[in-house]
Amino acid sequence: MASSTSSRGKLAEGEVFRSSQFVVLREAGGKLVRIRRTDIPLDEEATADLLAFFDRFFPPLMRPQFVLLLDSREAPMATDRETERRVNEAGARLLSGFVRSAILVASATGKLQAARMTRERGKSSVFVDETEALAFLLPELVFD
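Anyway, here's the lowdown on the structure attached to this text. Keep in mind that what you see is a predicted model, and the values were worked out from it rather than measured.

## Focus: the overall build of the protein
- Within the protein, the secondary structure is distributed over 4 helices and 7 strands.
- For the protein, the N- to C-terminal ordering of α and β elements is β-β-β-β-α-β-α-β-α-β-α.
- For the protein, the residues scored as buried account for 43% of the 144 residues in total.
- In the protein, of all internal contacts separated by at least 6 residues, the share reaching a separation of at least 24 is 61%.

Here's what the structure looks like:
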């Protein structure tokens, strides 16, 4: 079962959602929303919980205030068409509407797979290097 941390519907900086497959954090003064995938294989219930959380706390009209980083470095690779379809559908919903969005992967192979899966949407850039992803999302901040 997923849990969220909120105070009267408002989200603080830090961890704001956790399930076995996802951890959501707000960083950079609350401007950056990071979705971190865990190494647990994806299931429909966890995805539905995450999407419900986003619908409530990051509805489309609020999303232009934030940037989003989908950190999938720990996630198992999608090895079948059904998993790939579910990841693609959830990604389309999660990544839409933000000022900028980026996907962080662990390898060049992961980068190719993520780029192929997001090609139709064309709005998310894919990175292997976290510093580069953060510089893309928050160019006004300096990263050491």
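Having seen the model, we can carry on.
## Some thoughts on the packing of aromatic side chains
- Enumeration according to the criterion identifies 8 aromatic pairs in this entry.
- Ring centres of Phe53 and Phe54 lie 6.0 Å apart, and the angle between their planes is 70°; this geometry places the pair in the edge-to-face category. Each member of the pair Phe53 and Phe54 is classed as buried.
- Here Phe54 and Phe98 contribute two aromatic rings whose centre-to-centre distance is 6.4 Å and whose plane-to-plane angle is 70°, an arrangement assigned as edge-to-face. A residue pair is termed long-range when its members are at least 10 positions apart, and Phe54 in helix H1 (residues 44–57) and Phe98 in the loop between helix H2 (81–95) and strand S6 (101–104) qualify at 44 residues. Each member of the pair Phe54 and Phe98 is classed as buried.
- An aromatic cluster of at least three residues, connected via ring pairs, comprises Phe17, Phe53, Phe54, Phe57, Phe58, Phe66 and Phe98.

## Concerning the environment of Leu94
- Summarising the element assignment, Leu94 is placed in helix H2.
- With relative accessibility at 6%, the residue Leu94 sits in the buried group.
- In this structure the C-alpha to C-alpha distance between Leu94 and Pro60, which are 34 residues apart in sequence, comes to 9.8 Å.
- Among residues more than four places away in sequence, those in contact with Leu94 are Ile35, Leu50, Leu51, Phe54, Arg63 and Leu68.

## What to know about the layout of surface pockets
- Of the volumes computed, that of the largest pocket is approximately 610 Å³.
- Forming the walls of the largest pocket are 31 residues, and the residues nearest its centre are Arg37, Ser72, Ala75, Pro76 and Val87.
- Of all the elements in the fold, those that place two or more residues in the lining of the largest pocket are H1, H2 and helix H3 (108–118).
- Looking at the lining of the largest pocket, the element that brings in the most residues is H2, giving 8 residues.

What counts and what doesn't
- Residues numbered from 1 in each chain as written.
- Predicted model: local features only at pLDDT ≥ 70, side-chain atom pairs only at ≥ 80, totals over all residues.
- Heavy atoms only, no water.
- Helix = DSSP H or I, 4+ residues; strand = E, 2+ residues; numbered from the N terminus.
- Buried < 20%, exposed > 50% of the residue type's maximum accessible area, 1.4 Å probe, protein only.
- Contact = heavy atoms within 4.5 Å.
- Phe/Tyr/Trp six-rings, centres within 6.5 Å; stacked < 30°, edge-to-face > 60°.
- 1 Å grid on protein atoms, 1.4 Å probe; cavity = no way out; pocket = protein on both sides within 12 Å on 5 of 7 lines; lining within 4 Å.
- Points joined across faces, edges and corners; volume = space filled by probe spheres on them.

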